[in-house]
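Each chain, written out:
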Amino acid sequence: MSELHKFIFDGLPVRGMLVRLTDAWQEILKRREAGGGYPSEVLQLLGEMTAAGALMQSNIKFNGALVLQIFGDGPVKLAVAEVQPDLSLRATATVTGEVLPGDTLSRLVNVNNQGRCAITLDPKDKLPGRQPYQGVVPLFGDQHEKIENLAEVLEHYMLQSEQLDTKLILAADGQVAAGLLIQRLPVKGEGNLESQRDRDADEDQIGRNEDYKRIAILAGTLKREELLTLDADTLLHRLFWEEKLTRFVPSTPTFACSCSQERVSSMLRSLGTAEVEGIIAEQGRIDVGCEFCGAQYGFDPVDAAQIFTSPAGQLPPAPTVQ
């Protein structure tokens, strides 16, 4: 069973999270089997993104979807992991070119340093006209050197967005997608996480807290094989046996897809009557497959006409991530 564990280091301004996606990750891969599956290099990237998305969603107080996207200029044009507040999640990748054995992050998505990583927070209860929050970071460092580690990209994002030191370790294979996150707590305490904490004071502490640095060094000794194979109890004891931890009741991430006939109808409606009628005239019907779960939605000429004439035609447009 997939699990996400939260813990704090007693008396220290440091918190942590450990996620191991097993059945949820395997279900994502199973849905892709009919299309031939993913090359192992793409599978690893998408698994790391999914584990990271679960950790990042659990690290914030937010009633909405967290969507982690990489827009690439290599054979992987787009990779997406979406995690809801209840830790239901889904993920997909679009591969349009040849993936070679051993291809690194830059070869997959950042050949010409044009790749980008976007983190979007899409609230469930947003007001009309309100746009989701989105942060975008490049896949290269301060000297425009290519970054080959997704965790490093996301550490940089969290340092920028939260002014908090973060250590992130990710790994994935065909059975497990896992991640460990260690983060320095805000100097004013967790009660100020939302909007009123002293961001200047937090920024002043970047790289200076000795307790955080010690624990981050311990976390950095974690090997990929250990992260993928060890259970939570064994892993946390092996890393932090000299530290006092308070652990909380684990959560259970699950696979779930939010696609539906209504959402697909809304997407087609956004194309307009002329575009939909043109597709019907050319192909006789419209068939749409969900990239996340593989569900198929078919519309014959009558179905297509009803999109624009039925009461459902008054539904709002579908979200950006279909």
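Our structure's up above, just so we're on the same page.
## Focus on the sheet that holds strand β10 (residues 245-247)
- Reading across from one edge, β8-β9-β2-β1-β10 is the order of the 5 strands in this open sheet, with antiparallel pairing throughout. Bordering the open sheet on either side are β8 (166-172) and β10, each of which pairs with just one other strand. When the angles between neighbouring strand axes are averaged without regard to direction, this sheet yields 15°.
- Summarising the sheet, strand β1 (residues 3-9) and β10 pair through 3 bridges and their orientation is antiparallel. Looking at the pairing, Phe9 lines up with Leu245 of β10.

## Structural notes on the sheet that holds strand β6 (residues 116-123)
- Taken together, 6 strands build an open sheet; the order of strands is β7-β6-β3-β4-β5-β11 and the sheet is mixed. Of all the strands in the sheet, the pair left with one neighbour each is β7 (133-138) and β11 (254-255).
- Sitting on the sheet, helix α1 (residues 23-32) touches β5 (88-95) and β11, and the angle it makes with β5 is about 40°.
- Strands β3 (64-71), β4 (76-83), β5 and β6 of the sheet are contacted by helix α2 (residues 40-58), whose axis makes an angle of about 150° with β3.

## A few points about the side chain of Thr92
- Tracing the chain through its elements places Thr92 in strand β5.
- One polar contact links the side chain of Thr92 to the main-chain carbonyl oxygen of Glu291, over a distance of 3.0 Å.

## Let's talk about the packing of aromatic side chains
- Using the criterion set out here, one finds 3 aromatic pairs in the structure.
- Ring geometry for Phe7 and Phe9: centres 5.8 Å apart, planes at 75°, overall edge-to-face. Assigned by exposure class, Phe7 and Phe9 land together as buried.
- Aromatic rings pair up to connect Phe7, Phe9 and Phe240 into one cluster.
- Taking NZ or CZ as reference, Arg90 lies 3.8 Å from the ring centre of Phe292, over its face.

## So, the side chain of Thr120
- Here Thr120 lies in strand β6.
- Side chain to side chain, Thr120 and Gln134 meet in a polar contact 2.8 Å long.
- When sequence neighbours within four positions are dropped, the list of residues in contact with Thr120 reads Ala65, Leu66, Val67, Gln69, Pro132, Tyr133 and Gln134.

## Re the nonpolar core
- Counting 69 residues, the largest nonpolar core has Cys117, Leu154 and Leu170 as the members making the most contacts within it.
- Looking at this core, the element that brings in the most residues is α2, giving 10 residues.
- The next biggest cluster of nonpolar side chains, apart from the first, holds 24 residues, and it includes Ala171, Leu227, Leu236 and Phe240.

## A word on the pairing of β5
- Within β5, 6 of the 8 residues are buried, leaving the element largely enclosed by the surrounding structure.
- As defined by bridge partners, β4 adjoins β5 across 7 bridges and the pair is classed as antiparallel. Within β5, the residue paired with Leu78 across the bridge is Thr94.
- Sheet analysis places β5 next to β11, joined by 2 bridges and oriented parallel.

## Re the pairing of β3
- Among the 8 residues in β3, 7 count as buried, and that is most of the element.
- Pairing analysis gives 6 bridges linking β3 to β4, with the strands arranged antiparallel. Within β4, the residue paired with Leu66 across the bridge is Val83.
- Taking the residues that link successive antiparallel strands as the turn, the β3-β4 hairpin has 4 residues.

## Observations concerning the packing of helix α10 (residues 273-283) against helix α11 (residues 301-309)
- Two elements in contact, α10 and α11, have axes separated by 10 Å at closest approach and are oriented at 180°. The orientation of α10 with respect to α11, classified from their angle, is roughly antiparallel. Residues Thr273, Val276 and Ile280 of α10 form the contact with α11, whose participating residues are Pro301, Ala304 and Phe308.
- Residues belonging to the contact of α10 with α11 are distributed by class as follows: 5 nonpolar, 1 polar and no charged.

What counts as what
- Residues numbered from 1 in each chain as written.
- Predicted model: local features only at pLDDT ≥ 70, side-chain atom pairs only at ≥ 80, totals over all residues.
- Heavy atoms only, no water.
- Pairing = 2+ DSSP bridges.
- Helix = DSSP H or I, 4+ residues; strand = E, 2+ residues; numbered from the N terminus.
- Axes fitted to C-alpha atoms, helices over the stretch in contact; angles between N-to-C directions.
- Contact = heavy atoms within 4.5 Å.
- Polar contact = N/O pair within 3.5 Å; in protein donor to acceptor, adjacent residues only side chain to side chain.
- Phe/Tyr/Trp six-rings, centres within 6.5 Å; stacked < 30°, edge-to-face > 60°.
- Buried < 20%, exposed > 50% of the residue type's maximum accessible area, 1.4 Å probe, protein only.
- Lys NZ or Arg CZ within 6 Å of the ring centre and 35° of its normal.
- Core = buried A, V, L, I, M, F, W, Y, C linked by side-chain atoms within 4.5 Å.
- Parallel < 35°, antiparallel > 145°, perpendicular 65-115°, else oblique.
- Nonpolar A, V, L, I, M, F, W, Y, C, P; charged D, E, K, R; others polar.

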